[in-house]
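In case you want the letters, here they are:
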Amino acid sequence: MASIENFHNLDIRVGKIVQIQEFPEAKKPAYQAWVDFGEEVGVKQSSAQITELYEKGELEGKTVIGIVNLPPMKIASFTSECLILGVYTDEGVTLLQTDHETKIGERIG
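From a predicted model like this one, the values you see are computed outputs, not experimental measurements.

Considerations on unusual backbone geometry
Consideration 1: Phi angles above zero are rare outside glycine, and alanine 76 is one such case at about 55°.
Consideration 2: Along the chain, alanine 76 turns up in the loop between β5 (73-75) and β6 (78-80).
Consideration 3: Looking at alanine 76, the relative accessible area reads 44%, which means it is partly exposed.

A short note on the layout of surface pockets
Consideration 1: For the largest pocket, the calculated volume is near 440 Å³.
Consideration 2: If you trace the largest pocket, you find 23 residues lining it, with Ser47, Ala48, Gln49, Leu83 and Ile84 closest to the centre.
Consideration 3: Counting only elements with at least two residues in the lining of the largest pocket, the list comes to β3 (43-48), β5, β7 (83-84), β8 (86-88) and β9 (93-95).
Consideration 4: Element by element, the count of residues in the lining of the largest pocket is highest for β3, at three residues.
Consideration 5: A breakdown of the residues in the lining of the largest pocket according to their chemical character gives 15 nonpolar, five polar and three charged.

Examining the UniProt feature "domain: TRNA-binding" (unreviewed entry) in the protein
Consideration 1: The sites that UniProt annotates as "domain: TRNA-binding" (unreviewed entry) are residues 6-109.
Consideration 2: The span residues 6-109 carries 8% helix and 42% strand; its end-to-end C-alpha distance comes to 12 Å.

A short note on the pattern of salt bridges
Consideration 1: One pass over the full model with this rule turns up three salt bridges.
Consideration 2: As a salt-bridge pair, arginine 107 and aspartate 11 come within 3.6 Å of each other at their nearest N and O atoms. You can see arginine 107 sitting in strand β10 (residues 107-108) and its partner aspartate 11 sitting in the loop between α1 (4-9) and β1 (12-22), a full 96 residues away along the chain.
Consideration 3: For arginine 13, the salt bridge is made with glutamate 40, and the minimal N-O distance between the two is 3.3 Å. Here the residue arginine 13 occupies a position in strand β1, and glutamate 40 occupies one in the loop between β2 (31-36) and β3, the gap between them amounting to 27 residues.
Consideration 4: According to the relative accessible area criterion, glutamate 40 is exposed, its value standing at 67%.

Describing the side chain of serine 80
Consideration 1: Looking at the element boundaries, serine 80 is found in strand β6.
Consideration 2: Looking at serine 80, its side chain comes within polar contact range of the main-chain nitrogen of serine 47, at 3.2 Å.
Consideration 3: Contact partners of serine 80, with chain neighbours within four places excluded, come to Gln45, Ser46, Ser47, Pro71, Pro72, Met73 and Ile75.

Parameters at a glance
Residues numbered from 1 in each chain as written. Predicted model: local features only at pLDDT ≥ 70, side-chain atom pairs only at ≥ 80, totals over all residues. Heavy atoms only, no water. Helix = DSSP H or I, 4+ residues; strand = E, 2+ residues; numbered from the N terminus. Buried < 20%, exposed > 50% of the residue type's maximum accessible area, 1.4 Å probe, protein only. 1 Å grid on protein atoms, 1.4 Å probe; cavity = no way out; pocket = protein on both sides within 12 Å on 5 of 7 lines; lining within 4 Å. Points joined across faces, edges and corners; volume = space filled by probe spheres on them. Nonpolar A, V, L, I, M, F, W, Y, C, P; charged D, E, K, R; others polar. UniProt positions renumbered as here; feature names shortened; annotations may be inferred. Salt bridge = Lys/Arg side-chain N within 4 Å of Asp/Glu carboxyl O. Polar contact = N/O pair within 3.5 Å; in protein donor to acceptor, adjacent residues only side chain to side chain. Contact = heavy atoms within 4.5 Å.

Here it is in structure tokens:
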């Protein structure tokens, strides 16, 4: 079981996708995403396995939730610096969203 301290160690924030590219080198279908998490964190890149439910063109400018303090992970020739959060469904991964207006960089807790 995870403890509340484990949860508090995660830095989870609201971000906005500012750039998205195809990622043909990935073993599983994915996009390369650059996400702006605000002034304190800045822009981080992520390999996002969200190709089943999202077209590349609809993702730029989309608000996402991400963990920004995980260690970088090398995926093929790309370094993923954050984890964009989503829900695994039968159709594919759907991104987590807030149901009210939020600013990029705001913390999730």
